[in-house]
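Structure assessment
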Amino acid sequence: MGNETEEHDFLATCDECGRAYAATLTEDGEILPLGARPGCRCGGKSFSPVNEADFDEAFDD
Ligand SMILES: [Zn+2]
């Protein structure tokens, strides 16, 4: 049940619109959304990591 333990891939949501992306951390500790490298579709460039427990909310598109 979603018990994956990969350290570099996680889910992050756009701070602007809440859209969820698979993401990784850069060496600088910044969140880099893998599916939206230039930024979110809404133009947002700030992302927050999501806990798996929050997936339902993250995906209510
Ligand atoms: Zn967005």
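Anyway, here's the lowdown on the structure attached to this text. Along each chain, residues carry numbers from 1 onward, in the same order as the chain's sequence is written. Note on the predicted model: pLDDT of at least 70 is required for a residue's local features to be given, and 80 or more for side-chain atom pairs to be given and counted; whole-chain, interface and lining totals, by contrast, use all residues. Side-chain numbers come from the whole structure's heavy atoms, not from hydrogens or water.

1. Some remarks on the overall build of the protein chain
Operational definition: The numbering of helices and of strands both runs from the N terminus, where a helix is a DSSP run of H or I of at least 4 residues and a strand a run of E of at least 2. Each residue gets one of three labels from its accessible area relative to the maximum for its type: buried under 20%, exposed over 50%, partly exposed in between, using a 1.4 Å probe on protein chains only. Residue contacts are counted whenever heavy atoms from the two residues lie within 4.5 Å of one another. Residue burial considers only the protein chains on display, and all accessible areas are found by Shrake-Rupley using a 1.4 Å probe.
When its secondary structure is counted, the protein chain shows 1 helix and 4 strands. Ordered by position from N to C terminus, the α and β elements of the protein chain give β-β-β-β-α. Across the 61 residues of the protein chain, 26% fall into the buried class. Taking the intrachain contacts of the protein chain between residues at least 6 apart in sequence as the baseline, contacts between residues at least 24 apart amount to 41%. As presented, the protein chain carries roughly 4700 Å² of accessible surface, and 44% of it is formed by carbon and sulfur atoms.

2. Considering the coordination of the zinc ion
Rule in force here: Metal coordination here is assigned from N, O and S atoms located within 2.8 Å of the ion, or within 3.2 Å for Na, K and Ca; omission of water means that sites may look incomplete. Donor angles set the geometry label: tetrahedral for four donors if every angle is between 85 and 135 degrees, square planar for four and octahedral for six if opposite donors exceed 155 degrees and the others are between 65 and 115, irregular for anything else.
In the first shell of the zinc ion, the protein supplies C14 (SG), C17 (SG), C40 (SG) and C42 (SG), at 2.2 to 2.4 Å from the metal. Considering all 4 donor atoms around the zinc ion, the spread of angles at the metal, 102 to 114°, places the coordination shape in the tetrahedral class. In terms of primary sequence, the donors binding the zinc ion are separated according to C-x2-C-x22-C-x1-C. Of this pair, C17 sits in the loop between β1 (10-14) and β2 (20-25) while C42 sits in the loop between β3 (31-33) and β4 (47-50), and the two are 25 residues apart along the sequence. Accessibility expressed as a relative area gives 42% for C17, which makes it partly exposed. The exposure class of C42 is partly exposed, given its relative accessible area of 44%.

The analysis is restricted to geometry; functional conclusions fall outside its scope.
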